[in-house]
Amino acid sequence: MDLYEAMRTLPSVKRYKPDPVSDDDIRTILTAATWAPSGGNAQPWEFIVVRDPALKKKLADLYRGGLKFLWDHPRRQGYRELDKRTFQKTMFRKSHHLRDHMEETPVLIVVAMNREKDNLPRYGVLKAIRADSVFTSIMPCIQNLMLAARGLGLGTCLTTALNILEEDAKIALGMPEETQIVALIPLGYPADDFKPVTRIPAEEFTHWDGWRRDRAGDQKGTAE
């Protein structure tokens, strides 16, 4: 399908049909994920494909525990609602469904980073940039994964609540110490039809030649 159409109709799918996903489709999706750029071309990604019901249940329980921590955390006492155009309440309602039915998703893919492959500083002040490498090396890979799934008519959702209980999840999965969980991606055929996503117009976020009051590119705008 057209790339722009895939991006325009790439929602966070939180309701899935029970239909199985083929091995070939999973391999196709993960191959496309590896076409993403990474820092120093180190390609430090690792994928764990989970279809075993008992293991999916373990991960789902840990995901729920992490999500509860996030939602109950004291910092949320000062939480403010976002722009109504983000449909935040609808998002939370759908998130509740995914939380309660995570283990019913046909496939769970744990995307991790292998820190033995990142080629980044491990000592001194420069080691701080290693934390940023998750975003520069793994998030493009995840976006490729999600777009490839969309091209095959499959839905995904980028979730990170499992990271809160990462050590328990790594034990359940038998992961080595040098790995770091980045995301848990449910994968399956969506229970609802793909529809164009609703987003605030890009013009409201765009500044030209520096941060400008005028965001539409009018050269007469005043820089802040």
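See the structure shown above.
All values derive from a computational prediction rather than experimental measurement.

Describing the overall build of the protein
Check the secondary structure of the protein and you find seven helices and four strands. From first element to last, N terminus to C terminus, the protein shows the α and β order α-α-β-α-α-β-α-α-β-α-β. Across the 224 residues of the protein, 37% fall into the buried class. Pairs at least 24 residues apart make up 77% of the contacts formed inside the protein by residues separated by at least 6 positions. When the accessible surface of the protein is totalled, it reaches about 13,400 Å², and 54% of it is carbon and sulfur.

Digging into the packing of helix α3 (residues 53–72) against helix α7 (residues 166–173)
Viewed as axis vectors pointing N to C, α3 and α7 meet at an angle of 175 degrees, and their least axial separation amounts to 10 Å. In this view, α3 runs roughly antiparallel relative to α7, as classed from their interaxial angle. Residue-level inspection shows L55, K58, L59 and L62 of α3 in contact with α7, the latter providing D168, A169, A172 and L173. For the contact of α3 with α7, the residue count by class is six nonpolar, no polar and two charged.

Quick look at the pattern of salt bridges
The full count for this structure, using the stated rule, is nine salt bridges. D192 is the salt-bridge partner of R15, the closest N and O atoms lying 3.5 Å from each other. Placement of R15 in the loop between α1 (3–8) and α2 (23–33) and of D192 in the segment after β4 (179–188) is noted, with a sequence separation of 177 residues between them. Classification of R15 as partly exposed rests on a relative accessible area of 40%. We note a salt bridge from D61 to K57, for which the minimum N-O separation is 2.8 Å. One end of the pair, D61, and the other, K57, are both in helix α3, four residues apart, so they sit about a helical turn from each other. Looking at K57, the relative accessible area reads 37%, which means it is partly exposed. In the salt-bridge network here, residues are joined through shared partners; they are K57, D61, R64 and E103.

Some details on α7
Along α7, the residues that are buried comprise E166, A169, K170 and L173. Seen end-on, α7 carries its buried residues on one side only, within an arc spanning 100 degrees. Of the surrounding secondary structure, the elements contacted by the buried residues of α7 are β1 (45–50), α3, β2 (107–114) and β4. Looking at the residues trailing α7, positive phi occurs at G174, about 70 degrees.

A closer look at the side chain of E166
Secondary-structure assignment places E166 in helix α7. Of the side chains with opposite charge, K170 lies nearest to the buried E166, which makes no salt bridge, at 4.9 Å. Dropping the residues within four chain positions of it, E166 is found in contact with T179, Q180 and I181.

What about the packing of aromatic side chains?
Counted according to the given criterion, the structure contains zero aromatic pairs. A cation sits over an aromatic face here: R150 above F194, 3.7 Å from the ring centre.

Section: the side chain of K170
Within the element layout of this structure, K170 appears in helix α7. At 4.2 Å, E167 is the nearest oppositely charged side chain to K170, a buried residue that forms no salt bridge. Polar contacts involving the side chain of K170 include one to the main-chain carbonyl oxygen of E177, which spans 3.2 Å.

The rules behind these values
- Residues numbered from 1 in each chain as written.
- Predicted model: local features only at pLDDT ≥ 70, side-chain atom pairs only at ≥ 80, totals over all residues.
- Heavy atoms only, no water.
- Helix = DSSP H or I, 4+ residues; strand = E, 2+ residues; numbered from the N terminus.
- Buried < 20%, exposed > 50% of the residue type's maximum accessible area, 1.4 Å probe, protein only.
- Contact = heavy atoms within 4.5 Å.
- Areas by Shrake-Rupley, 256 points an atom, 1.4 Å probe, with all protein chains shown as cover.
- Axes fitted to C-alpha atoms, helices over the stretch in contact; angles between N-to-C directions.
- Parallel < 35°, antiparallel > 145°, perpendicular 65-115°, else oblique.
- Nonpolar A, V, L, I, M, F, W, Y, C, P; charged D, E, K, R; others polar.
- Salt bridge = Lys/Arg side-chain N within 4 Å of Asp/Glu carboxyl O.
- Arc of directions from axis to C-beta.
- Lys, Arg positive; Asp, Glu negative; His and termini not counted.
- Phe/Tyr/Trp six-rings, centres within 6.5 Å; stacked < 30°, edge-to-face > 60°.
- Lys NZ or Arg CZ within 6 Å of the ring centre and 35° of its normal.
- Polar contact = N/O pair within 3.5 Å; in protein donor to acceptor, adjacent residues only side chain to side chain.

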